[in-house]
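Geometric and topological summary
Listed here are the chains, written in short residue letters.
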Amino acid sequence: MSANRARIRTLLTVVRREGGIWTTRRVMSLPAPLGTTQRSVARQHLATLAARGHLVPVPGHDAAYRVNQAGGAA
């Protein structure tokens, strides 16, 4: 498994555990190795989880996500 893929899987675990609204800023605030100083990486990780069905966009918030309570792909 690649390091990037492992980080995304670990991020999903954190997102599910903590819940709430997730933004690039929130992902960037996580400690290493999940946290990143690059907005584009944080944005890409959130978009990947959303594309896989784990996250859904928060209405009225630009680029903010929450856990998809209906589930998602593995």
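As a reminder, the structure under discussion sits directly above these lines.
Residues numbered from 1 in each chain as written. Predicted model: local features only at pLDDT ≥ 70, side-chain atom pairs only at ≥ 80, totals over all residues. Heavy atoms only, no water.

**Some points on the overall build of the protein**
Where we set the bar: Helix numbers and strand numbers start at the N terminus; a helix is a DSSP run of H or I with at least 4 residues, a strand a run of E with at least 2. Partly exposed residues are those whose accessible area sits between 20% and 50% of the maximum for their type, while under 20% is buried and over 50% is exposed, using a 1.4 Å probe and protein chains only. We call two residues contacting when some pair of their heavy atoms lies within 4.5 Å.
Summing up its helical and strand segments, the protein has three helices and two strands in all. Listing each helix as α and each strand as β along the protein from the N terminus yields α-α-α-β-β. Expressed as a percentage of its 74 residues, the buried residues of the protein come to 31%. Put simply, 31% of the contacts in the protein that link residues at least 6 apart link residues at least 24 apart.

**Remarks on the packing of aromatic side chains**
Rules: The rule is short: rings of Phe, Tyr and Trp, with Trp giving its six-membered ring, pair when the centres are within 6.5 Å, and they are stacked under 30 degrees, edge-to-face over 60, tilted in between. The criterion for a charge sitting over a ring is simple: Lys NZ or Arg CZ within 6 Å of the ring centre, and within 35 degrees of the ring normal.
Under the counting rule described, the total for this entry stands at zero aromatic pairs. In this structure, R26 packs its charged tip against the face of W22, placed 3.7 Å from the ring centre.

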